[in-house]
Amino acid sequence: MHPIYGGEKTPQELYDHLSQLDSGYTPEACAEYAEWIHDIKRLKQEHDAVILAHNYQRPEIFEVADFIGDSLELARQAKKVESDQVVFCGVHFMAETAKIVNPERTILLPDLKAGCSLAESITGEALAERKHELRRAYPDLQTICYVNTTADVKAECDACCTSSNAVQIVESLDTEHVLFVPDENLARYVQTQTTKTILSWEGNCYVHHQITPEHILSVRDNLPHVKVLVHPECREDVIQLADAVLSTSAMVRYAKDSPADEFLIVTECGLSDRLLLEIPEKKFYKSCQLCHYMKMITLDGVRDSLRAQRYEITLDEDIRVAAERAIDRMLELSA
Ligand code: SF4
């Protein structure tokens, strides 16, 4: 965990910290947040809970998180948790993934409406039908699903992947034909990195899909030296303008390690906020969009989740076991 998070900040310290972001934080709001943060820390101890937070969460959520990361890092962390409970600050499929890999723990998601346009683009049943049809033409077909899927979809797959290991997982499977679901943009990007045949699904992340080349060019025309970091869920014409195509946590590492000082961050806005707070000596320009699902998780929602012990993630055990196989395969192949 980065040293700027955690600890217990006074309302003024919290305001000084968050108002570095151009996001409209006020002293009054920060005073309320400081109270909620205090309550959450107490409730965490009372319930032996840890908080895992995705990079796209609100900056004030980072203050109560025990770990912040991308989907792959969060899946790894969730598997290692020994506390009784995990409060997952992310979207539904991420909390489900935590339950899949660590079924003994209670997994709480503060808001059940925190879904995902990508995960909703596919069901286990539809995938089973598509696999059946394609196997007639490609008997060696194997199926990889992006981790942004529900448990019943994962249960139909040979392996999962995340944006940070998609190419590696495709390359490590012993097959020439891969059905890659559900993100068509990520599938297209993976196809540019492998000689295997990638068959895709019609799904996308609405956040990344709405970013256009004009968003990038409007910044780069004025700042030609800026390093453009693009998430692989973006459209092909946006990826073509990238200096580097990276998962969110890889963007954090790249920005920290690079000799460059100025970056254009092309993904959900939460990641740009994290970079602005953690690396204040460098400049970050945003060409980002907000994910309204991710932003459904709020500090008072986390407090209420711990207080009322809601909303617990439960799974059918057969589906959980089959989904775990696909996640474990990913963790093995990307170790
Ligand atoms: S950013 Fe996109 S992929 Fe991530 S949760 Fe939001 S809609 Fe889903």
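Described below are features of the structure shown in this document. From a predicted model like this one, the values you see are computed outputs, not experimental measurements.

The biggest cluster of nonpolar side chains holds 104 residues, and the ones touching the most others in it are Leu52, Ala65, Val86, Phe88, Cys89, Ile265 and Val266. Looking at this core, the element that brings in the most residues is helix α5 (residues 92-101), giving six residues. Excluding its chain neighbours within four sequence positions, the residues that come into contact with Val86 are Ala49, Val50, Leu52, Ala78, Val81, Ala98, Arg105 and Ile107.

Moving on: the sheet that holds strand β8 (residues 197-200). Spatial ordering of the open sheet is given by β6-β5-β7-β8, a layout of four strands whose pairing is parallel. At either margin of the open sheet sits one strand with a lone partner, and together these are β6 (159-161) and β8. On average, adjacent strands in this sheet sit at an angle of 30° to one another, irrespective of strand direction. Where helix α6 (residues 124-137) meets the sheet, its contacts fall on β5 (142-146), β7 (177-181) and β8, and the angle it forms with β7 comes to roughly 160°. Lying over the sheet, helix α16 (residues 317-333) contacts β5 and β6, oriented at roughly 60° with respect to β6.

Here we come to the sheet that holds strand β3 (residues 85-89). If you walk across this open sheet you meet the four strands as β2-β1-β3-β4, and the pairing is parallel. Both edges of this open sheet fall to β2 (67-69) and β4 (106-108), since each of them pairs with a single strand only. The average undirected angle you get between the axes of adjacent strands in this sheet is 20°. Across the sheet, helix α15 (residues 299-308) touches β1 (49-54), β3 and β4, and the angle it forms with β3 is around 155°.

Let us look at the environment of Asn204. The residue Asn204 is located in the loop between β8 and α10 (206-209) in this model. Taking the C-alpha atoms as reference points, Asn204 and Ser117, separated by 87 residues in sequence, lie 7.1 Å from one another. If we ignore the near neighbours within four places in the chain, the residues touching Asn204 are Leu118, Asp183, Glu184, Asn185 and His209.

Looking now at helix α2 (residues 27-47). In a regular helix each residue adds 1.5 Å, so 21 residues correspond to 30 Å; α2 covers 30 Å between its end C-alpha atoms and thus fits that length. Considering only its buried residues, α2 is in contact with α1 (11-18), α3 (59-62) and α15. Asp48 sits one or two residues past α2 and shows a positive phi near 50°.

This part covers the pairing of strand β11 (residues 262-266). Among the five residues that make up β11, four are buried, leaving the element largely enclosed by the rest of the structure. Summarising the sheet, β11 and strand β12 (residues 283-286) pair through four bridges and their orientation is parallel. Counterpart to Glu262 in the pairing with β12 is Lys283. This β-α-β element, β11 to helix α14 (residues 269-278) to β12, shows right-handed connectivity.

Conventions used here
- Residues numbered from 1 in each chain as written.
- Predicted model: local features only at pLDDT ≥ 70, side-chain atom pairs only at ≥ 80, totals over all residues.
- Core = buried A, V, L, I, M, F, W, Y, C linked by C-beta atoms within 7 Å.
- Buried ≥ 20, exposed ≤ 12 C-beta atoms within 10 Å, placed from the backbone.
- Helix = DSSP H or I, 4+ residues; strand = E, 2+ residues; numbered from the N terminus.
- Contact = placed C-beta atoms within 7 Å.
- Pairing = 2+ DSSP bridges.
- Axes fitted to C-alpha atoms, helices over the stretch in contact; angles between N-to-C directions.
- Expected span 1.5 Å × (residues − 1).
- Right-handed = clockwise from strand over helix to strand, strands pointing away.

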